[in-house]
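Remarks on the overall topology
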Amino acid sequence: MITNKKPRSSDTDSNYMRDDRTEMSEDDDRSPPSDSIANGSCPTRTCTPGSGSGSGSSSIPEYSAPYPDRVLENVLENVLWFLTSRKDRNAASLVCRSWYRVEAMTRSDLFIGNCYAVSPERATSRFTRVRSVTLKGKPRFADFNLMPPNWGAHFAPWVSATAKAYPWLEKIHLKRMSVTDDDLALLAESFSGFKELVLVCCDGFGTSGLAAVASKCRQLKVLDLIESEVSDDEVDWIMCFPDTETCLESLIFDCVECLVDFDVLERLVVRSPSLKKLRLNRFVSIGQLYRLMVRAPQLTHLGTGSFSPSEDVAQGELELDYVSAFAACKSLVCLSGFREIVPDCLPAIYPVCANLTSLNFSYANISAEQLKPIISNCHKLQTFWVLDSICDEGLQAVATTCKELRELRVFPFDPREDIEGPVSEVGLQAISEGCRKLQSILYFCQRMTNAAVIAMSKNCPDLVIFRLCIMGRQRPDHVTGEPMDEGFGAIVMNCKKLTRLAVSGLLTDTAFAYIGKYGKIVRTLSVAFAGDSDMGLKYVLEGCPRLQKLEIRDSPFGDTALLSGLHHYYNMRFLWMSACRLSHQGCQQIAQALPHLVVEVIKHEDTVHMDDYADTLYMYRSLAGRRHDVPQFVSIL
Amino acid sequence: MEGGVAYENDLNLKETELRLGLPGTGSTIEKGVSGARNNKRPLPETREEGGANGKPDAQHDDQENAPAPKAQIVGWPPIRSYRKNSLQPKKAEAEAAAGMYVKVSMDGAPYLRKIDLTVYKGYPELLRALENMFKLTIGEYSEREGYKGSEYAPTYEDKDGDWMLVGDVPWDMFLSSCKKLRIIKGSEAIGLGCGA
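In every chain, residue numbers begin from 1 and rise along the written sequence. Key to labels: chains lettered from A, ligands numbered from 1, both in the order written. At least 70 in pLDDT is required for a residue's local features to be given in this predicted model, at least 80 for side-chain atom pairs to be given and counted, and no such filter applies to totals for whole chains, interfaces and linings, which use all residues. To get the side-chain values, take all heavy atoms of the structure and skip hydrogens and water.

What follows concerns the packing of helix 17 (residues 485-494) of chain A against helix 18 (residues 509-518) of chain A. Residue and element names in this part refer to chain A. The geometry of helix 17 relative to helix 18 is characterised by a closest axis approach of 8 Å and an angle of 5° between their N-to-C directions. Taken together, the axes of helix 17 and helix 18 lie roughly parallel to each other. Contacts between helix 17 and helix 18 pair D485, E486, G489, V492 and M493 from the former with T510, A511, Y514, I515 and Y518 from the latter. Think of it as three bins: nonpolar holds Ala, Val, Leu, Ile, Met, Phe, Trp, Tyr, Cys and Pro, charged holds Asp, Glu, Lys and Arg, and polar takes everything else, Gly as well. Looking at the contact of helix 17 with helix 18, its residues break down into 6 nonpolar, 2 polar and 2 charged. Axis definition: a line fitted to C-alpha atoms, limited for helices to the stretch in contact. Angles are taken between N-to-C directions and run from 0 to 180 degrees. Going along the chain from the N terminus, every DSSP run of H or I of four or more residues is numbered as a helix, and every run of E of two or more is numbered as a strand. For this classification, under 35 degrees means roughly parallel, over 145 means roughly antiparallel, 65 to 115 means roughly perpendicular, and everything else is oblique. We call two residues contacting when some pair of their heavy atoms lies within 4.5 Å.

All names here are of chain A. Counting buried positions along helix 16 (residues 450-459) yields 7 of 10 residues, so the element is predominantly enclosed. Here helix 16 has its buried residues at N450, A452, V453, A455, M456, S457 and N459. Residues of helix 16 that are buried make contact with helix 15 (425-434), strand 15 (440-445), strand 16 (465-470) and helix 17. Categorising residues by exposure relies on relative accessible area from a 1.4 Å probe, with only protein chains included: less than 20% of the type maximum marks a residue as buried, more than 50% marks it as exposed, and the intermediate range marks it as partly exposed.

The next point concerns the sheet that holds strand 5 (residues 180-185) of chain B. Residues and elements named next belong to chain B. Strands are treated as partners if at least two bridges between them are detected by DSSP. Read across the sheet, 5 strands follow the order 2-1-5-3-4 without closing on themselves; strand pairing throughout is mixed. The open sheet terminates on both sides in strands that have one partner only, identified here as strand 2 (113-116) and strand 4 (163-165). Strand after strand, the sheet turns through a mean of 35° between neighbouring axes, direction not considered. Judged from the 6 bridges that link them, strand 3 (residues 152-157) and strand 5 form a sheet pairing that is antiparallel. In the sheet register, T155 faces strand 5, and the bridge partner there is R182. On the sheet, helix 4 (residues 123-134) packs against strand 1 (101-106), strand 2, strand 3 and strand 5 and is oriented at approximately 155° with respect to strand 2.

Next up on the list: unusual backbone geometry. With an omega of -10°, the peptide bond running from W76 of chain B to P77 of chain B counts as cis. Here P77 of chain B shows up in the loop between helix 1 (13-16) and helix 2 (81-87). The residue C201 of chain A is not glycine, and still its phi comes out positive at about 55°. For C201 of chain A, a relative accessible area of 12% puts it in the buried group. You will see that E227 of chain A, though not glycine, has its phi angle at about 50°, which is positive. Within the secondary structure layout, E227 of chain A lies in the loop between strand 6 (222-226) and strand 7 (230-231). Residue E227 of chain A is classed as buried on the basis of its relative accessible area of 12%.

Note that an α-helix has 3.6 residues per turn; residues three or four places apart therefore point the same way. Residues and elements named next belong to chain B. Across its 12 residues, helix 4 extends 16 Å between first and last C-alpha, which sits within 8% of the 16 Å expected from 1.5 Å per residue. If you check which residues of helix 4 are buried, you get Y123, L126, L127, A129, L130 and F134. For helix 4, the buried positions fall inside an angular range of 160° around the axis, keeping them on one side. Pointing more than 90 degrees away from the buried face of helix 4 are the exposed residues P124 and N132. Multiply 1.5 Å by the residue count of a helix minus one, and that product is the helix's expected span. The reported arc concerns the directions from the helix axis to the C-beta atoms and nothing else.

This part takes up the packing of aromatic side chains. A pair of Phe, Tyr and Trp rings is counted when the ring centres sit within 6.5 Å of each other, with Trp represented by its six-membered ring. The angle between the planes then sorts it: under 30 degrees is stacked, over 60 is edge-to-face, the rest tilted. Summed over all chains, the structure comprises 28 aromatic pairs over all chains. Centre to centre, the rings of F361 of chain A and F384 of chain A are 6.4 Å apart; their planes meet at 75°, and the pair counts as edge-to-face. In this pair, F361 of chain A sits in strand 12 (residues 358-361) while F384 of chain A sits in strand 13 (residues 383-387), placing the two residues 23 residues apart along the sequence. Under the relative-accessibility criterion, F361 of chain A is labelled buried at 0%. Through successive ring pairs, a cluster of aromatic residues spans Y116, F141, F144, W151, F574, W576, Y618 and Y620 of chain A. Both a distance and an angle decide whether a charge sits over a ring: NZ of Lys or CZ of Arg must be within 6 Å of the ring centre and within 35 degrees of the ring normal. The residue whose ring lies beneath R83 of chain B is Y363 of chain A, and the NZ or CZ to ring-centre distance is 4.4 Å.

A word on the nonpolar core. Of all hydrophobic cores here, the largest spans 198 residues; its most connected members are W237, F253, I349, L359, F361, F384 and F466 of chain A. With near-sequence residues (within four places) excluded, I349 of chain A lies in contact with F307, F326, L335, F338, F361 and I374 of chain A. Counting residues in each nonpolar core, the second largest holds 29 residues, with L127, M164, L175 and L181 of chain B among its members. Put simply, buried Ala, Val, Leu, Ile, Met, Phe, Trp, Tyr and Cys residues joined by side-chain atoms within 4.5 Å make one nonpolar core.

The following block contains the structure:
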């Protein structure tokens, strides 16, 4: 989702305005849009001295002098996460000391893009009035089993630090953190006014922890569990919500793989009049869904659960008037779920199609024919996630109707490499022609052509996120046999707003030359099985000044390339390189050159490798230095 | 990438694999232009399995035998396990059977825990882990007196549904028969026979 940036201040002193703030990544998968102000994790004392106000050049302003809110807001936005030479830092911190203090006092949303970049103690002692904390832990490639388990990103030290520092804390958003039941119990105990818990791609906890939160957080409005792994402790956590009316506005538990007692759930929904978002897990049958919908017609976001009848089918289930139930939900704009869909049930959703802005069919194995009658009514659709089972033909139908589409994700039903895929360049081309307002695309396919990608680059000038995954490794353009360099080159050349790019297919160093030359605002780049030589990585490190997150796997980039980025690594949130050609010495050199960079070399037990090579390099800037919870398979250089 | 050798670390199947290439070829073939280090990594769990019947790499096209299955590369394509498992739920269940997870409850504690017994090498480790987990002392086991001298005793439910004192049987036997663990208050432990 694209969050709105606050307007920048008028500071234009380019030496300090290197844009390397750890902003909320606007292009994160499903991250809830944060209402946090810019970045929050920069305890560095560097401020921008070159602001319009005259106080910059005089002696340190009196602490008690009143500052207009607007000036403070601008200052907030311009605190930079920028580690320069010690000399520059000392000079700047003298000038801005009281601004530094006032800013620290007024920040209410603390955003920390890398939980290891700063220690909890340091963050909590600087920012004293925080009401909301957002923390991100593991790097994204951990989602794909490229990181051994128990690597870290533990929530525990953060929950204990914030429990002491911010007893009034209301919101916690975590992404890719390891959270335990004890952590959740402590959270529930410590924050009496706690309102919002969002856990995205987290693991380590179970229904016991949820029970603690449900029972103790009486002001809870939001409990969102998104793609997290929740273990079944055989505790009925839904039962643990208070018996009285609840404040619940959002309850998302579609990823929780445990049975829930439906009657208990139904009673909860009945006594939650503010509930607007409800996403059920696959253990809720369509008959049960009906009952809930009838109780909660005010819902705006609905995850339908299995969308199929329960196994021991109560006859009545098949005869319920699902269409009316949907028709009664006049505010429904976002529909998802369909975990075990019985396509015959699909027509039930017709009444809401015209109002839908977001539709997630990415677990629904439906064909183009089954999709068409639905999608042809979805004129307002802006976000669409779907399985490639709909084929190119289904995508053509999408292109025909969904003129407002901003975000498209096409997932593979069968994620193997060597099969005939149902979607191809045909679907991509169609989408590019029909959905001109497209901003974000994630497209898995087996075959692609440069021509289609070039077409998209021209037809969709608003693209901010372009992620193409040609699943066969190093596949060339399947019509011309050429590398996919020209296609991705066109994307960076023509899409002037592009900040996030994921490449695939057969790519030579030329592709990276394009990225380095044209990708001037690219912030996140994902590379796999691509490039010919060190030059590829060099082009990117030397050419992309805004690069913050770089994740590379299985590409022939070595120490020389790594060293070419020394000037830039402090500006980045992280660099990940696995199965490349890095040696320990190369990584060591980086570690020595950049003391504020934590350089982790992660060893995979079962890799066939030569001792010299560094299996996986994960490095990130940090004020906290080497972390204390390093597992034995990680060495910090 | 090479074929299914990735799964068997102990058997050097590559040596015995029939192929038409010259001896010595094929073992360090780099694919295409990438020149990436051949980084075979056997899958940590079976859940990545899926595509074992694919066509072989280009380099192996000269084989006329049944093509070696293309090894599923870890983490490729980049789909989260959650999504993969949701679309193929039966596989997820099979994978969950690996490791030996048993539930541990304790009288008076609000939470159940789950632990993987295969992580521990013997009773002392297991007991230490339990002590840490629940913040208590279990003490030393003696055949005659059980866990006398401490407030708590660890018990387990075996395959037959009987509750036994942990430590009564050899570790391996315990591993194969333990279904659930329960830490009970010492007074109740008297009823459990030692060496029953």
